[in-house]
Amino acid sequence: MNSTKSRLRSFKNASYLQSSTSMLLFFASWGIWWSFYQLWLTSPTSNGGLGLSGAQVGTIFSANSLFSLILMFVYGAIQDRLFIKRYLLIFNAIISTLIGPFFIWVYAPLLTNHFVIGMWVGAIVLSTGFLSAVGILEAVTERFSRVFSFEYGQARAWGSFGYAIVALLAGLLFVINPQLNFWCGSIFGILLLANLIFWVPKEERDAKQAISDLAREDSIPKLSDMLHLLKLPELWQVIIFIIFSWTFYTIFDSQMFPDFYTKLFSSPALGQHAYGTLNSIQVFFEAIMLGVVPIIMRKIGVKRTLMIGVVIMFMRIGLCGFNTNPYTVSAIKMLHSLEVPMFTLSIFRYFTLHFNTKLSASLYMIGFQIAAQIGQVILSTPLGILRDHVGYQNTFHVISVMVLLAGIYAFFVLKKDSQDVNGTPLAKI
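Because the structure is predicted, anything quoted here is derived from the model rather than measured.

## Focus on the nonpolar core
By size, the foremost hydrophobic cluster in this structure holds 118 residues, and its most contacted members are Trp 33, Tyr 37 and Trp 40. If you tally residues by element for this core, the top one is helix α2 (residues 14-34), at ten residues. Excluding anything up to four places from it in sequence, Trp 33 contacts Ile 99, Phe 103, Leu 126, Phe 130, Asn 181 and Phe 182.

## What to know about the packing of helix α15 (residues 246-262) against helix α17 (residues 302-320)
Axes are the key here: two packed helices are described by the angle between their axes and the distance separating the axes. Running from N to C, α15 and α17 point in directions that differ by 35°, and their axes come no closer than 11 Å. Along this stretch, α15 crosses α17, giving a crossing that reads as left-handed. Of the residues in α17, those touching α15 at Trp 246, Tyr 249, Phe 252, Asp 253, Phe 257 and Phe 260 are Met 313, Arg 316, Ile 317 and Cys 320.

## Points about the confidence of the model for the protein
The predicted coordinates of low-pLDDT regions are not to be read in fine detail. Taken over all residues, the pLDDT of the protein has a mean of 85, while the share at 70 or more is 88%. Helix α1 (residues 2-10) is the least confidently modelled element of the protein, averaging 52 in pLDDT, while helix α10 (residues 178-198) averages 96, the highest of any element.

## Observations regarding a nonpolar patch on the surface
Taken together, the side chains of Phe 161, Ile 165, Ile 281, Phe 284, Phe 285, Ile 288 and Val 292 make up a nonpolar region of the molecular surface, amounting to roughly 570 Å² of accessible area. At the level of secondary structure, the elements contributing two or more residues to the nonpolar patch comprise α9 (152-176) and α16 (268-300). For the nonpolar patch, the element with the most residues is α16, which contributes five residues. The topology assignment puts Val 292 in helix α16.

## What about the environment of Val 238?
Along the chain, Val 238 turns up in helix α14 (residues 233-243). Separated by 133 residues in sequence, Val 238 and Ala 371 place their C-alpha atoms 9.1 Å apart. If near-sequence neighbours (up to four positions away) are discounted, Val 238 is found in contact with Tyr 350, Phe 351, Gly 367 and Leu 414.

## Considering the packing of helix α5 (residues 87-97) against helix α7 (residues 115-131)
Close contact between α5 and α7 brings their axes to 8 Å; oriented N to C, the two are set at 125°. On the basis of the axis angle, α5 is oblique to α7. Relative to α7, the crossing made by α5 is left-handed. Where α5 approaches α7, its residues Phe 91, Asn 92, Ile 95 and Ser 96 are matched on the opposing element by Val 125, Thr 128, Gly 129 and Phe 130. Tallied by class, the residues present in the contact of α5 with α7 amount to four nonpolar, four polar and no charged.

What counts, and at which threshold
- Residues numbered from 1 in each chain as written.
- Predicted model: local features only at pLDDT ≥ 70, side-chain atom pairs only at ≥ 80, totals over all residues.
- Heavy atoms only, no water.
- Core = buried A, V, L, I, M, F, W, Y, C linked by side-chain atoms within 4.5 Å.
- Buried < 20%, exposed > 50% of the residue type's maximum accessible area, 1.4 Å probe, protein only.
- Helix = DSSP H or I, 4+ residues; strand = E, 2+ residues; numbered from the N terminus.
- Contact = heavy atoms within 4.5 Å.
- Axes fitted to C-alpha atoms, helices over the stretch in contact; angles between N-to-C directions.
- Left-handed = near helix turned anticlockwise from the far one by under 90°.
- pLDDT = per-residue confidence, 0-100.
- Patch = residues over 30% accessible without salt bridge, like charges linked within 9 Å, V, L, I, M, F, W, Y side chains within 5 Å.
- Areas by Shrake-Rupley, 256 points an atom, 1.4 Å probe, with all protein chains shown as cover.
- Salt bridge = Lys/Arg side-chain N within 4 Å of Asp/Glu carboxyl O.
- Parallel < 35°, antiparallel > 145°, perpendicular 65-115°, else oblique.
- Nonpolar A, V, L, I, M, F, W, Y, C, P; charged D, E, K, R; others polar.

Set out below in structure tokens:
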């Protein structure tokens, strides 16, 4: 009953409604093309793709991650001075509105005729508008939630909902013509831009005192703060674990699985349509699990939840290396909706449990976000080359073994829930 009343109050909160709409439109503008990005890069030109090799795709993802890593620091410094002002978000939304023309008239021709130039131009644009922008949108929304009294998780869930909707639509459009996905990205970008410019709730316009409070709070970490935290040995334990687990999984899921999955079907069109539908269903269940996993953590603990997430990650990658039946692989794909919430939410809770909560945002950014980006920069191209030489399934075997070893390492190295509780203790229910 109390949760129902809380949700009803949220729908009366103009800032919550505006922030939720921003989340939904941003992830719609991104997901409509990102969910098929790897397929577009690898599909034959006869099917509207670019026909790139695994090594080339790995190099593109490495460049994207490298520039995104650099831009995270720049965006953080800028937003630190803007607090809850939307200027940077509006700039990101302008990039979103231009994503269709960019992909069709700039990015594709450059990758085809001048690969290195196209790779770096794409890394700049995609990081500017999406890959780094998502962190700023989430940070600003989290600040809005504290200033204007709504639950951040409820607003963020609308982002997953938006991605799930467009993932279903993306499969239908990609079969017709991949360019439609990019044009729809621009359409959602226009809606996002209009939402950010014209919908400014009265509470936000009057929030001069809130901006002053946030200025003193200094919640977005500076580069000097992050460099100081790198002296903590327990942080490096987490970084090593992330690089050899989450990074390998991200490369598997974003660079390899889409093309592997669609080739299991009798025709590319059928595979692409099936992938869009499956991806949409999986994201819906993932959004549900984002609300369930915190309950699981309180019942069985943070470390146990994280270990279960690693086991599921190992199983999903490994099982894909032994199966070519599209129905079986589809069932295996659904494990993603369990694994990702269990892994990501547990990692964040691990930081708030064992470290000073005033540093949790910095620690999460370094220990998870930046560590994952560095891992992708280093590993994307080698794993792409490995895939070219031994095929998808043998590469999956290698990745699954690395994840298993990372899980064993974490089991012995990461702290128990009752050990060194320097943050917020875990409440049991």
